[in-house]
Amino acid sequence: MRGGERVLLEMCRLFPEATLFTLLHRPGSVAEQIEALEIRTSFLNRIPGVHERYRYYLPLYPLAVSRLDLRGFDLILSSSHAVAKGVQKPAGSVHVCYCHTPMRYIWDMQSDYFHYGDAWRLGRTCLRAVAPALRAWDRRTAAGVDHFIANSLHVKERIARYYGRTADVIPPPIDTSFFSLSPNGHHGSFYLVVSAAVPFKRLDLAVETFNRIGKPLVVAGSGPDLEVLKKRAASNIQFTGYVPDEELRLLYRDCRALVVPGREDFGMASLEAQACGRPVVAFGTGGSLESVIDGRTGILFQEQTCASLEGAIRRLEASAFDPARLRENAERFSVARFQRSLMEAVERTVTASGRSLSEGVSPSFGDAAALDGSHPSLAGMGGLAKRGLDILVSSCALAILGLTLLAVALCIRLTSTGPALFFQWRLGHRGRPFRIVKFRTMIAGAEGDKKPTWALDRDPRCTPLGNFLRRLGIDELPQLWNVLKGEMSLVGPRPERPEFHRLFSERLPPFARRLEVRGGLTGLAQVRGWRGNTSVDERLRSDIEYIERWSVWKDIGILLLTPRALWRRKQHPPVSPPVLNTR
């Protein structure tokens, strides 16, 4: 899960029903949200041992990506640092490419790949032989992209230089809710490198410099050059290999500073360290010029030499850095901003083509600044107590009601055609889509291929049994499983469908604040009677009140009031159903 995979993760969250095409995939090697997609691989994936030796198959990459069959897909979103942007686009489809960089090793960074480990010059000789053909292919296939998105101004300039194309700039997402300041405010004396052990990252420069100055250095990351670097390193340098995110966050928080000795396309590790309140020493070129502010969030050195890096470390130790200012810089690159900017760019491209993006896959994420913080219900002892209550009640309820739920499911199957359960995409905390589970109360295929439709009281699409289940809220009970999984809470604003969230957020901007917390099985609006086809404005007032005045005791009170609220008939008159934009 390096930078490219973290970008892919957010794409998968935005398009959870997409099909993922990739040259290679080792099951279990990436985040579960990526693994959850349907994954189709190229013929390279069937070659024995390819996952360990994939670099040697570079000349076959263009053929492999061109053989991926994308027929039937209207929108192609590629995440490309090598050949992904060269897929064969079906007629009439739209291709948006998020470009991490044009292939470095065939254009202007060949020397960065051969600082060591190529004593017989075989690697550079082979690359020199295939580079002209790869460059011609790379430039030619750029014409098949409808719109380029660059991860930095540096990459935007490279896209213009080599492809002759313009590009939007959308920096990669930094998970500032996870990478956060240390609760005790302390830090250690060691320096930190977080990087894959490959030549162009220039870990050899960091090792040589810290061998000379004798300061403690921790190198986190794995790769083919790890053993070579270990042999070069003195005793003051420690190699951790791969570390999980929780361990990485501790390293960021505890280090004196992060060291970035290579030329970065952007520099996600730099901003993860800053989100944890730690400054950065980075080579002052490429993307580091955009992620590190010299003298304010770190120190930039101008030459890839031991003397220049050593001088930058001396400058850093003579400087003071404010953790709050460092974090403020990182927050400019939050996940929410990335998601919103990417969706806007995709929608603009699709609209310009004369088509429209399916409503069901274009959630609106509202005010990114509001979504970046941690609500008290999600952090500290309060968050722990709320989550504990969710787990205790949902697990006990599922165990006690298990036979009853099975009986309800059986009745649904016996009284109408179709499955007993119904799954629907909703927006959870920070706008992350998840599949909510309910008992089916309507006829099978009630919406068909039409736009999502607001459910009414006594909706004609409902079955007789469905009307009864909806009136008492029994249809919502399977969502106890969503609560147990952590996608929802027992109490909170009711999670909304992406298309209606977009509609309501456009009309009522505070509506986006509902994503600050987990959605709930019940909530303050529901116990006040604002449920079903009633005023969205009044429901929003109750939801905002809940968010601003939340406490564990308020949650318990709402839970105790919910049965009575469900038993009573609705106190508020119905409203006209919202109509989705048909653009």
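Just so you know, these numbers come straight off a predicted model, no measurement behind them.

S.K.: Quick question: what am I supposed to make of helix 10 (residues 268–275) here?
M.R.: With 8 of 8 residues buried, helix 10 lies mostly within the body of the structure. Every buried residue of helix 10 is listed here: Met 268, Ala 269, Ser 270, Leu 271, Glu 272, Ala 273, Gln 274 and Ala 275.

S.K.: How should I be thinking about the sheet that holds strand 6 (residues 167–169) in this particular structure?
M.R.: Strand pairing in a sheet takes place through backbone hydrogen bonds and is either antiparallel or parallel in direction. Sheet architecture is open: 4 strands sit in the order 3-4-5-6, paired in parallel fashion. Both edges of this open sheet fall to strand 3 (75–80) and strand 6, since each of them pairs with a single strand only. For this sheet, the mean inter-axis angle between neighbouring strands, taken without regard to orientation, is 25°. Alignment of strand 4 (residues 94–99) against strand 5 (residues 147–150), held across 4 bridges, turns out to be parallel. Note on strand 5: the bridge partner recorded for Cys 99 is Ala 150. Running over the sheet, helix 1 (residues 3–14) touches strand 3 and strand 4 and is turned about 160° from strand 3.

S.K.: What am I meant to see in unusual backbone geometry here?
M.R.: Backbone geometry places Arg 202, a non-glycine residue, at a positive phi of 60°. With respect to the helices and strands, the residue Arg 202 is situated in the loop between strand 7 (191–194) and helix 7 (203–213). Judged by its relative accessible area of 8%, Arg 202 is buried.

S.K.: Please clarify how the packing of aromatic side chains should be interpreted in this entry.
M.R.: Think of a pair of aromatic rings as described by two things: how far the centres are apart, and how the planes are tilted against each other in angle. Inspection of every chain in the model, using the stated rule, returns 10 aromatic pairs. For the pair Phe 178 and Phe 179, a centre-to-centre distance of 5.0 Å together with 90° between the ring planes defines the contact as edge-to-face. An identical accessibility class is assigned to Phe 178 and Phe 179; each is buried. Taking the centre distance of 6.1 Å and the plane angle of 20° together, the rings of Phe 500 and Phe 504 count as stacked. One end of the pair is Phe 500 and the other is Phe 504, both in helix 19 (residues 498–507) and 4 residues apart, which spans about a single turn. The exposure class of Phe 500 is buried, given its relative accessible area of 2%. A residue is classified by how much of its surface remains accessible, and Phe 504, at 2% relative accessible area, is buried. Of the aromatic side chains, those joined through ring pairs into one cluster are Phe 178, Phe 179 and Tyr 252. Between Arg 249 and the ring centre of Phe 178, over which it is positioned, the NZ or CZ distance is 4.0 Å. A cation over a ring is seen here: Arg 435 above Trp 425, with NZ or CZ 5.9 Å from the ring centre.

S.K.: How do you make sense of the pairing of strand 8 (residues 217–220) when you look at a structure like this?
M.R.: The side chains of a regular strand alternate between both faces of the sheet. Burial along strand 8 is two-sided: Leu 217 and Val 219 facing one way and Val 218 and Ala 220 facing the other are all buried. When strand 7 meets strand 8, the two strands line up parallel, connected through 4 bridges. In the sheet register, Val 193 faces strand 8, and the bridge partner there is Val 219. As paired strands, strand 8 and strand 9 (residues 237–241) are joined by 4 bridges and run parallel to one another. By the bridge assignment, Val 218 is partnered in strand 9 with Gln 238. Assessed by its sense of winding, the connection that carries the chain from strand 8 through helix 8 (residues 226–232) to strand 9 is right-handed.

S.K.: Which parts of the structure should I look at to understand the packing of helix 7 against helix 12 (residues 306–317)?
M.R.: When two helices pack together, their arrangement is given by the angle between the helix axes and the distance between those axes. In contact at an axis separation of 9 Å, helix 7 and helix 12 are set at 65° when each is read in the N-to-C sense. Our classification of the angle between helix 7 and helix 12 gives roughly perpendicular. Classified by chirality, the crossing of helix 12 by helix 7 is right-handed. When helix 7 is examined against helix 12, the residues Leu 205, Ala 206, Glu 208, Thr 209, Phe 210, Arg 212 and Ile 213 are found in contact with a partner set consisting of Cys 306, Ala 307, Leu 309, Glu 310 and Ile 313. Per-class residue counts for the contact of helix 7 with helix 12 are 8 nonpolar, 1 polar and 3 charged.

S.K.: Explain the sheet that holds strand 7 here, please?
M.R.: Judged by pairing direction, the sheet is parallel, and its 6 strands sit side by side in the order 9-8-7-10-11-12 without closing on themselves. Every interior strand has two partners, whereas the edge strands, strand 9 and strand 12 (298–301), have only one. For this sheet, the mean inter-axis angle between neighbouring strands, taken without regard to orientation, is 20°. Both strand 11 (residues 280–283) and strand 12 contribute to a ladder of 4 bridges, which runs parallel. Bridge pairing in strand 12 links Val 281 to Ile 299. Running over the sheet, helix 9 (residues 245–254) touches strand 7, strand 8 and strand 10 (257–260) and is turned about 145° from strand 7. Contacts from helix 10 reach strand 7, strand 10 and strand 11, with the element oriented near 175° to strand 10.

S.K.: How should the nonpolar core be read in this particular structure?
M.R.: Among soluble globular proteins, nonpolar side chains are generally buried collectively. Val 65, Val 83, Met 103, Tyr 105, Ile 106, Phe 148 and Ile 159 are the most contacted members of the largest nonpolar core, which totals 31 residues. Those elements that provide at least two residues to this core are helix 4 (61–66), strand 4, helix 5 (122–141), strand 5 and helix 6 (153–163). Within the second largest apolar cluster, 28 residues are counted, among which are Leu 205, Ala 206, Ala 257 and Ile 313.

S.K.: What exactly am I supposed to notice about the environment of Arg 26 here?
M.R.: Inspection of the secondary structure assignment puts Arg 26 in the loop between strand 1 (19–22) and helix 2 (32–35). A sequence separation of 19 residues divides Arg 26 from Asn 45, and the C-alpha atoms of the two residues are 8.6 Å apart. Ignoring any residue separated from it by four or fewer positions in sequence, one finds Arg 26 in contact with Glu 35, His 51 and Glu 52. In this structure the side chain of Arg 26 is engaged in a polar contact, spanning 3.3 Å, whose partner is the side chain of Glu 52.

What counts as what
Residues numbered from 1 in each chain as written. Predicted model: local features only at pLDDT ≥ 70, side-chain atom pairs only at ≥ 80, totals over all residues. Heavy atoms only, no water. Buried < 20%, exposed > 50% of the residue type's maximum accessible area, 1.4 Å probe, protein only. Helix = DSSP H or I, 4+ residues; strand = E, 2+ residues; numbered from the N terminus. Pairing = 2+ DSSP bridges. Axes fitted to C-alpha atoms, helices over the stretch in contact; angles between N-to-C directions. Contact = heavy atoms within 4.5 Å. Phe/Tyr/Trp six-rings, centres within 6.5 Å; stacked < 30°, edge-to-face > 60°. Lys NZ or Arg CZ within 6 Å of the ring centre and 35° of its normal. Right-handed = clockwise from strand over helix to strand, strands pointing away. Parallel < 35°, antiparallel > 145°, perpendicular 65-115°, else oblique. Left-handed = near helix turned anticlockwise from the far one by under 90°. Nonpolar A, V, L, I, M, F, W, Y, C, P; charged D, E, K, R; others polar. Core = buried A, V, L, I, M, F, W, Y, C linked by side-chain atoms within 4.5 Å. Polar contact = N/O pair within 3.5 Å; in protein donor to acceptor, adjacent residues only side chain to side chain.

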